[in-house]
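Residues per chain, in single letters:
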Amino acid sequence: MNDTLKAIAASLLMEQVLAPKFNFVPKGNGEDKDFDYGEAGYDASRTNVGFNEDRGEFQIEIKGLVQPESEEATRICQEDLNEVITAFVQDKKVLETGLFDGDHAGGDTPAEELTLVRMGKIVRDRYPELSETDQEAIRQRAVAALALTQEAAQEAAKAAVSGGDGTKANTALIDGIRKIAMDVRDLDIDLIDRINPFGAAYAILAKAMSEDSLKQVAAVIAGKKIALTEEEAMMLAERAKAFLQERNRLPSLTSNDPWERRMAEGIEYLKRKVKAARDA
């Protein structure tokens, strides 16, 4: 199983290396003459996707995208996202949980626990000197690049199954990214954060393993779940603040939404820590 996980991580990283360059910008960034926005052209009322064929680069507008504040964070967003993604997919705990305990596998780990909490921790550990805004800008772009590439890989796989000439095969990943971006009229960072970046890899793995084998592995992974750490609880509590602002209530432990429950667990963890400190 360890060898399989390593092979999956290597495959994910290879797809990332082969993917075109992403230039993520906030919605309403404005038309850039270097990019082709398709037959309809640039439309300020929606999120736009442009492509520069000469550079093999996508410009993708995303609603809610945080802009980096410092020159270093801007450089990382432009040049070093693959290093962040590498650290993420090579984290064995992240890979195990993402593959076998997400909703695609019948598990109960919400995608946001991976994209917000786990990726957030990797970015903070890697760039502790950067501001929270810069860290969030990097996290968002790393998650978006990984999610779009994986979703596009699924589209490319479908194209390969249906056949086509060599030219089509060579452009399948780019075509897949275009299709996904165009299918969603308003690309939103919250929507992207709800995509499990390992769902596509699991679909491939499911074809190679029997259903019983998958269930056995999933049971082992579920049994290895680690209780919340104080750092993770703090991160969940920060996300709960945004939830409170949006909905005028705190996350509920009895919610049907697994991500809302996870945020509530983070708050409860911190409440218990405070109570224990007072009682000590």
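Residues numbered from 1 in each chain as written. Predicted model: local features only at pLDDT ≥ 70, side-chain atom pairs only at ≥ 80, totals over all residues. Heavy atoms only, no water.

Enquirer: I tried to follow the packing of helix α12 (residues 230-247) against helix α13 (residues 258-279) on my own but got confused; where do I start?
Expert: Between two packed helices, both the angle of their axes relative to each other and the distance between the axes serve to describe the pair. Running from N to C, α12 and α13 point in directions that differ by 120 degrees, and their axes come no closer than 8 Å. Here α13 runs oblique to α12, going by the angle between their axes. Crossing handedness for the pair α12 and α13: left-handed. Where α12 approaches α13, its residues Glu230, Ala233, Met234, Leu236, Ala237, Arg239, Ala240, Phe243 and Arg247 are matched on the opposing element by Trp259, Glu260, Arg262, Met263, Gly266, Ile267, Tyr269, Leu270 and Lys273. (Axes fitted to C-alpha atoms, helices over the stretch in contact; angles between N-to-C directions. Helix = DSSP H or I, 4+ residues; strand = E, 2+ residues; numbered from the N terminus. Parallel < 35°, antiparallel > 145°, perpendicular 65-115°, else oblique. Left-handed = near helix turned anticlockwise from the far one by under 90°. Contact = heavy atoms within 4.5 Å.)

Enquirer: Any chance you could explain empty space enclosed by the protein here in plain terms?
Expert: The rolling of a water-molecule-sized probe over the atoms marks out the regions of remaining empty space. Within the structure shown, the criterion is met by one cavity of 30 Å³ or more. Computed from the structure, the largest cavity encloses a volume of approximately 30 Å³. Phe88, Thr115, Val143, Leu146, Ala147, Ile195 and Pro197 are the residues that line the largest cavity. Per-element tally for the lining of the largest cavity: the top contributor is helix α6 (residues 132-162), with three residues. (1 Å grid on protein atoms, 1.4 Å probe; cavity = no way out; pocket = protein on both sides within 12 Å on 5 of 7 lines; lining within 4 Å. Points joined across faces, edges and corners; volume = space filled by probe spheres on them.)

Enquirer: Just checking my understanding: could you explain the layout of surface pockets for this structure?
Expert: Approximately 910 Å³ is the volume found for the largest pocket. If you go around the largest pocket, you meet 31 residues; those closest to its centre are Leu116, Glu136, Glu238, Arg239 and Ala242. Looking at the lining of the largest pocket, the elements with two or more residues in it are α5 (111-126), α6, α9 (189-193), α12 and α13. At nine residues, the largest contribution of residues to the lining of the largest pocket is made by α12.

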